[in-house]
Amino acid sequence: QLQLVESGGGLVQAGGSLRLSCAASGRTFRTYTMGWFRQVPGKEREFVADISWSGGSIYYADSVKGRFTISRDNAKNTMYLQMNSLKPEDTAVYYCAVKRLGRTGSVVADYEYWGQGTQVTVSS
């Protein structure tokens, strides 16, 4: 079993920045592709970004490209999401998760071991 804990959320003004962290424990972290998702009440959880175990393969949702940067430190069992130029529409609960082995998609069903989420609120 792999446990994930997100942190770093908060309230920020539009145009500001936040860095989210996802700390993993329980199993070998470095062999997994990891991802970030976000969800607002009443809407489906949506893909934000993911990163392969080596960091050599990274994908972003179009809505965050150029503003968000995903990274990981396997020695610290931690993944990050640097969020710059934040917009009110980025307001959501942000979750990290592990990609299921063999999956190639970017939907919720392709991921497992979800964290509890961290709230990000961007004021206008």
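In the block above lies the structure referred to throughout.
In short, a report on the structure. It should be emphasised that the depicted structure is a prediction, and the values quoted were computed from it without experimental measurement. (Residues numbered from 1 in each chain as written. Predicted model: local features only at pLDDT ≥ 70, side-chain atom pairs only at ≥ 80, totals over all residues. Heavy atoms only, no water.)

## Things to note about the pairing of strand E11 (residues 118-123)
Going by this rule: Per-residue accessibility, obtained with a 1.4 Å probe over protein chains only, is compared with the maximum for each type, and a residue is labelled buried under 20%, exposed over 50%, and partly exposed between these values. The secondary structure listing takes helices from DSSP runs of H or I that are at least 4 residues long and strands from runs of E that are at least 2 residues long, numbered from the N terminus. Pairing between two strands is assigned when DSSP locates at least 2 bridges connecting them.
Side-chain alternation along E11 places Thr 118, Val 120 and Val 122 on a buried face and Gln 119, Thr 121 and Ser 123 on a face that remains uncovered. Pairing of strand E2 (residues 10-13) with E11, which is carried by 4 bridges, proceeds in the parallel orientation. Along E11, the bridge assignment pairs Gln 13 with Ser 123. Here 3 bridges tie strand E9 (residues 92-99) to E11, and the two strands are oriented antiparallel to one another.

## Here we look at the nonpolar core
Considering soluble globular proteins, one finds that nonpolar side chains tend to be buried as a cluster. Keep this limit in mind: Among buried residues, the Ala, Val, Leu, Ile, Met, Phe, Trp, Tyr and Cys ones that are joined through side-chain atoms within 4.5 Å form a nonpolar core. Only heavy atoms enter the contact rule, under which two residues are in contact if any of them lie within 4.5 Å.
Formed by 33 residues in total, the largest nonpolar core has its most connected members in Leu 4, Met 34, Trp 36, Met 79, Leu 81, Met 83 and Tyr 94. Of all elements in the fold, only strand E3 (18-25), strand E4 (34-39), strand E5 (46-51), strand E7 (68-73), strand E8 (78-83), E9 and E11 reach the threshold of two or more residues within this core. Take this core: its biggest share by element is 5 residues, from E9. When neighbours within four sequence positions are excluded, Met 34 is seen to be in contact with Leu 4, Cys 22, Phe 29, Ala 49, Asp 50, Ile 51, Ile 70, Arg 72, Met 79, Ala 97, Val 98 and Tyr 111.

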